[in-house]
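Structure assessment
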Amino acid sequence: MTDAAPAPKPGILDIAPYVGGKSSIVGIAEPMKLSSNENALGAGQKAREAYEAALKNIHIYPDGRATKLRTAVAEHHGLEPERLIFGNGSDEVFALLNQTYLQPGDNIVTGQYGFLAYRISAKACEAQVKLAPEPGYKAEVDALLAEVDERTKIVYVSNPSNPTGSYNTGEEIRRLHEALPKHILLVIDEAYAEFVAEADWETAFPLAKEASNVVVTRTFSKIHGLGGLRIGFGYAPVAVAEAVDRIRLPFNVSVPGLDAATAAIGDEAHQKASRDLVQTWRPRLTQAIRGFGFEVLPSAGNFVLVLFKDEKRNAAAASEYLNSKGIIVRPVGGYGIHDGLRITVGTEDQNRAVIDALSEFAAS
Ligand SMILES: *Cc1c(COP(=O)(O)O)cnc(C)c1O
């Protein structure tokens, strides 16, 4: 026996482990979990019924082409079905794109606060991650372009962005695309699209429809409340969708997931209720928390990012105080925002509890 042990390939152990939103507090039976941008209303009735009905089919392998969901999504958004890529969450779509296009030494470009999921799988491909500065907590077209070099294969923009809540206008996205060499893939992650209220935001579906190098991703985890089932999709040029399909594991989305997502797409009432809740409470939360003297970034998503600039009333102290009231929020130090807490817009009761707790914290 030698003491040799299997060694992960280069770079793997340099990846910081992803730390998800906390989900429990010692001593509190049912905490309010506002840490992962989940849908405060849960899944809709139609999705739940479809999930239950799927029970009779769970011994059957899923349809690897996701035919029913593919048809439903294509009809709902007016897209060509053959251009859709379904993944085990949109996280898997990012990982598949990275695996398909990145060689060791290549790089991806994203904003300083770009979503961590893009970066983890890029590093697993032995690629570099180049981060463009976001001085205003918002991705800047010129800063992104300045990071692009001859080894850049993919540029990722979340629009709206998590964890900052900022967004890029349709005009900005078109300018970015226009300036980007056409051999570079531009991925626009629209996980929070349905919550946007701003008139100058636009979905990039029309841009992707015409372009040879644009992928738009969406998820069932947020507006549809199906985060636990792991389903997302990308709308890609046919050549990209076909390339990705060669490495996609054949049964990457489950039977209950496919059925629930197909039902969710048709549940307009639940989508509307989810959107209305966020659009009603996002400004109320923002205003109330600003009133306590904390900075709240404008958000286009189903969450707000609060910055605690005070040395004593800092983010860690606020998080601890909220925990003591049974409320779990998300520290975002992993993004380098050490003074920030991301708070998901909850139900009315949850939002009131957050407001009360932060009011007390401010006065403490
Ligand atoms: C929540 C979220 C997603 C969705 O990820 P899934 O894997 O589909 O659950 C994608 N992008 C961003 C920026 C998100 O915050």
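Keep in mind the model is a prediction, meaning the values are calculated, not measured.

Basis of the calculations
- The residue numbers shown here count from 1 along each chain, following its written sequence.
- This being a predicted model, a pLDDT of at least 70 is required before a residue's local features are given, and a value of 80 or more before pairs of side-chain atoms are given or counted; all residues contribute to the totals for chains, interfaces and linings.
- Only hydrogens and water are set aside; all other atoms, that is, all heavy atoms of the structure, feed into the side-chain values.
- Here's how the labels work: a residue is buried when its accessible area is under 20% of the maximum for its type, exposed when over 50%, partly exposed in between, all with a 1.4 Å probe on protein chains only.
- The secondary structure listing takes helices from DSSP runs of H or I that are at least 4 residues long and strands from runs of E that are at least 2 residues long, numbered from the N terminus.
- Only strands that DSSP links by at least two bridges are regarded as paired with each other.
- For crossovers, right-handed means that the path from the first strand over the helix to the second runs clockwise, given strands pointing away from the viewer.
- UniProt positions are given in the numbering used here, feature names are shortened, and annotations may be inferred rather than shown by experiment.
- Residue contacts follow a heavy-atom distance rule, with two residues in contact if any of their heavy atoms lie within 4.5 Å.
- A pair is scored as a salt bridge if a Lys or Arg side-chain nitrogen falls within 4 Å of a carboxyl oxygen belonging to Asp or Glu.
- Of all possible arcs, the one meant is that of the directions from the helix axis to the C-beta atoms.
- Between the N-to-C directions of two axes lies an angle of 0 to 180 degrees, each axis being a line fitted to C-alpha atoms and, for a helix, fitted only over the stretch in contact.
- Roughly parallel means an angle under 35 degrees; roughly antiparallel, over 145; roughly perpendicular, 65 to 115; everything else is oblique.
- Under the scheme applied here, ten amino acids are nonpolar (Ala, Val, Leu, Ile, Met, Phe, Trp, Tyr, Cys and Pro), four are charged (Asp, Glu, Lys and Arg), and all others, including Gly, are polar.

What follows covers the pairing of strand 6 (residues 185-189). Regular strands place their side chains on alternate faces of the sheet. For strand 6, the buried fraction is high: five of the five residues fall into the buried class. A two-sided burial pattern is seen for strand 6, the buried positions comprising L185, V187 and D189 on one face and L186 and I188 on the other. Note: strand 5 (residues 152-158) against strand 6, five bridges, orientation parallel. By the bridge assignment for strand 6, Y156 is matched with V187. Taking the sense of rotation as the criterion, the β-α-β connection linking strand 5, helix 6 (residues 170-179) and strand 6 turns out right-handed. The sheet contact formed by strand 6 and strand 7 (residues 214-219) spans four bridges and is parallel.

This part is about the UniProt feature "modified residue: N6-(pyridoxal phosphate)lysine" (unreviewed entry) in the protein chain. Here the UniProt feature "modified residue: N6-(pyridoxal phosphate)lysine" (unreviewed entry) sits at K222. Classification of K222 as buried rests on a relative accessible area of 13%. Once residues lying within four places of it in the same chain are set aside, the contact partners of K222 are S36, N37, N39, A191, Y192 and F195.

What follows is about the pattern of salt bridges. Overall, the coordinates contain 19 salt bridges when judged by the stated rule. E190 is the partner of R218 in a salt bridge, and the nearest nitrogen-oxygen pair spans 2.9 Å. In this pair, R218 is assigned in strand 7 and E190 in the loop between strand 6 and helix 7 (205-210), connecting sequence segments 28 residues apart. For the pair R218 and E190, a shared accessibility class is recorded, and that class is buried. Among the ionic contacts, a cluster of salt bridges with common partners joins R65, D245 and R248.

Attention shifts here to helix 6. When helix 6 is considered as a whole, its buried residues turn out to be G170, E172, I173, L176 and H177. Angularly, the buried residues of helix 6 cover 165 degrees about the axis, an arc narrow enough to put them on a single face. The exposed set on the far side of helix 6, more than 90 degrees from its buried face, consists of E171 and E178. The elements touched by buried residues of helix 6 are helix 5 (141-147), strand 5, strand 6, helix 7 and strand 7.

Take the packing of helix 10 (residues 268-291) against helix 12 (residues 348-363) next. At a closest axis distance of 10 Å, the pairing of helix 10 and helix 12 adopts a crossing angle of 5 degrees. In terms of axis orientation, helix 10 runs roughly parallel to helix 12. Only E348, N351, R352, V354, I355 and L358 of helix 12 make contact with helix 10, whose side of the interface consists of L277, W281, R284, L285, A288 and I289. Of the residues assigned to the contact of helix 10 with helix 12, the class counts are eight nonpolar, one polar and three charged.

All right, on to the side chain of N98 then. Structurally, N98 can be placed in helix 3 (residues 90-101). The class for N98 is buried, based on a relative accessible area of 0%. The residues touching N98, leaving out its near neighbours within four places in the chain, are I108, Y118, S121, A122, C125, I154 and Y156.

Moving on, we get to the sheet that holds strand 10 (residues 303-307). Note on sheets: strands pair through backbone hydrogen bonds, and any given pair is parallel or antiparallel. Ordered by their spatial adjacency, four strands build an open sheet running 9-10-13-12, and the pairing between neighbours is antiparallel. Edge strands, defined here as strands with exactly one partner in the open sheet, are strand 9 (295-296) and strand 12 (330-332). As defined by bridge partners, strand 10 adjoins strand 13 (residues 337-344) across five bridges and the pair is classed as antiparallel. Paired with V306 across the strands is L341, a residue of strand 13.

Let us now look at the UniProt feature "domain: Aminotransferase class I/classII large" (unreviewed entry) in the protein chain. As annotated in UniProt, the feature "domain: Aminotransferase class I/classII large" (unreviewed entry) corresponds to residues 31-358 in the numbering used here. As annotated, residues 31-358 has a helix share of 39% and a strand share of 18%, and its two end C-alpha atoms lie 16 Å apart.

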